[in-house]
Every structure is written in structure tokens, then in C-alpha cells.
Amino acid sequence: MGVEGGMKCIKFLVFFFNFLFWLCGIALIVLGIYVQIELNKTLVMTSPASASGAPIVILVVGVIVFFISFFGCCGAMKENYCMVTTFAVLLTIIFLVEIAAAIAGYIFKDKIKSVIDKEVREEMLHYRNDSKVAATLDDLQKHSNCCGAANYTDWFAVPGFSPRSVPQSCCKNNTTCTKNPNNDNTYTEGCVTKIEDWLRKHIIIVAAVALGIAFFELLGIIFACCLMKGIRSGYEVM
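Here the structure is a predicted model, which means the values were calculated and not measured.

A. Here's a closer look at the UniProt feature "transmembrane region" (unreviewed entry) in the chain. Residues annotated by UniProt as "transmembrane region" (unreviewed entry) correspond here to residues 12–34, 54–75, 87–108 and 203–228. For the annotated span residues 12–34, helix accounts for 100% and strand for 0% of the residues, and the straight-line distance between the end C-alpha atoms is 33 Å.

B. Structural context of the packing of aromatic side chains. A full pass over the atoms with the stated rule returns four aromatic pairs. Ring centres of Trp155 and Phe161 lie 5.1 Å apart, and the angle between their planes is 50°; on these two criteria the pair is classed as tilted. Since its relative accessible area comes to 11%, Phe161 is described here as buried. In this structure, Arg128 is placed above the aromatic ring of Phe161, and the distance from its NZ or CZ to the ring centre is 4.1 Å.

C. Spatial organisation of the pattern of salt bridges. In the structure shown here, the tally under the stated rule is three salt bridges. For the salt bridge of Arg121 with Asp117, the shortest nitrogen-to-oxygen distance reads 2.9 Å. Here Asp117 and Arg121 lie together in helix α5 (residues 111–125), a separation of four residues that amounts to about one turn. The closest approach of N and O atoms between Lys194 and Glu189, which form a salt bridge, is 3.4 Å. Judged by relative accessible area, which is 32%, Glu189 ranks as partly exposed. A cluster of three or more residues bridged by salt bridges with shared partners is formed by Asp117, Arg121 and Asp154.

D. Region of the structure containing the nonpolar core. Core analysis: the largest hydrophobic core is formed by 28 residues, its most contacted members being Val14, Phe21, Val84, Phe87 and Leu227. At the level of secondary structure, the elements contributing two or more residues to this core comprise α1 (2–42), α3 (53–78), α4 (81–107) and α7 (191–232). The biggest single contributor to this core is α1, with nine residues. Setting aside its immediate chain neighbours within four residues, Phe87 contacts Asn18, Phe21, Ile68, Phe71, Gly72, Gly220 and Ala224.

E. Spatial organisation of unusual backbone geometry. One non-glycine residue, Arg164, adopts positive backbone phi at about 55°. Along the chain, the position of Arg164 falls in the loop between α6 (131–144) and α7. You can call Arg164 partly exposed: its relative accessible area is 41%.

F. How the structure looks around α6. End to end, α6 covers 20 Å across 14 residues, agreeing with the expected 20 Å (1.5 Å per residue, within 8%). Inspection of α6 places Val133, Ala134, Thr136, Leu137, Asp138, Leu140 and Gln141 among the buried residues, and these make up the whole buried set. Between a side-chain oxygen at the N-terminus of α6 and the backbone nitrogen of Lys132 the separation is 3.0 Å; the capping residue is Asp130. Within two residues after α6, Asn145 carries a phi angle of roughly 55°, on the positive side.

Definitions and limits used
- Residues numbered from 1 in each chain as written.
- Predicted model: local features only at pLDDT ≥ 70, side-chain atom pairs only at ≥ 80, totals over all residues.
- Heavy atoms only, no water.
- UniProt positions renumbered as here; feature names shortened; annotations may be inferred.
- Helix = DSSP H or I, 4+ residues; strand = E, 2+ residues; numbered from the N terminus.
- Phe/Tyr/Trp six-rings, centres within 6.5 Å; stacked < 30°, edge-to-face > 60°.
- Buried < 20%, exposed > 50% of the residue type's maximum accessible area, 1.4 Å probe, protein only.
- Lys NZ or Arg CZ within 6 Å of the ring centre and 35° of its normal.
- Salt bridge = Lys/Arg side-chain N within 4 Å of Asp/Glu carboxyl O.
- Core = buried A, V, L, I, M, F, W, Y, C linked by side-chain atoms within 4.5 Å.
- Contact = heavy atoms within 4.5 Å.
- Expected span 1.5 Å × (residues − 1).
- Polar contact = N/O pair within 3.5 Å; in protein donor to acceptor, adjacent residues only side chain to side chain.

What follows is the structure, given as C-alpha cells:
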């Protein structure tokens, strides 16, 4: 009876943690969509593969976790050894992939700034001949109080602009500074720094969510293995 009661508890815990995984999957999907929308508001993505890779990865992992958790719930409820085993294996793979992604993210974190810098400068080159790019950059500079990639002098080398001129969105307090801008009437901080600060602030949320999911995944793997052992040993779990 003690073993049977313990296996009932394990079965309930597997089901409970799968429900948490299901919620985490939804959270990751929402988070991935949110980050992608915010990046699209900031950058037009002339290099989608490098600029939007992170939110796509978050979204894909969320979808995978969502379906694996549903699979695990069915296996626990039906006490199906094959389904529970498959769930444990898939969850282990996801757990290892997340660890690898975290390590890669830490190693390549310094490259984020160079990717953003390249993207912003690329958009600046298309400012005059692409209205969508122009609107996106103007919105970024107005709402982030920034100008250019590193500073407002970056606009001086952009084709289509007269010497020492910047867009109106670089001007402070709706003043006119398009010609002969200076530190008094023009935003002096570059937009690359602003975007980098925004990403660093929001990466804490992503890291907290990922850490919480990884913890629950580890517990889920342990409980799934215990349930597998119980089913294989022929114990009846209700």
C-alpha cells in the first residue's frame, strides 16, 4: 500500500508539473511574440536571420514545450509506459538544448551590440528611399531620445543628406536642428546604446522565465522516471 500510495503521488506530480509546463509553453509563446513585435517596432530587420533569431527561438521552444506537456499529461493519466518514456526523453532533450542555448547566449552576448549597430546603420542608408524604414527610425529616435547609431554625426555620411544635417526626429523638444545640429538642440546619445539598454533590461525577464522552466523541467524528468519505474515494475497506479 505504501508503494501504491507513493506511485499515486508521483502520478499526480507528473500531471501537475505537466500542467505547469503547458502554462510555461503558453508564456514562452506570448513572450516570443511580444519580443518580435517590439523588435519590429524598433528595427525593420534588413537582416532577419541575425536580428530576429532570439524571439523565433523563444517562440519555437514555447510551441514544443506546449505539445510535449500535453503528451506527458496523457501518458501520466493513461499510465502508458511508452508515452511517459517518450515524454521524459523529449523533455531531457529540451532541457539540454536550453542549457546549450544559455551557454551560447552568454558566449556571444558581446556580438549583440555589433549586430544592432550594423542593422541601424543599414537602415540609415535606406532612410531616403524607403518610407517604412524612415518611419521606423523616426519613431525610434523620437521615443528613445537618440540620434544616429553612435551619435548624430553618423547622419553626416548618409547619402541624400546635405553636409552637417540630420532628420527632424533628432531634434530636442520639437526644435529645428536639421541643419548644423549641436549638443544643445540635438539628441547626443546613439540609438544603438538605447536599444542595447532596452534588451538588457528585458533579458532579465527572459532569463527568469527560462530559469523557472528549467527547474520545473528537471523535476518533471525526475518524477517521470519514477513513474516509468513504477509502471514497468507492474505497480497499479490509479
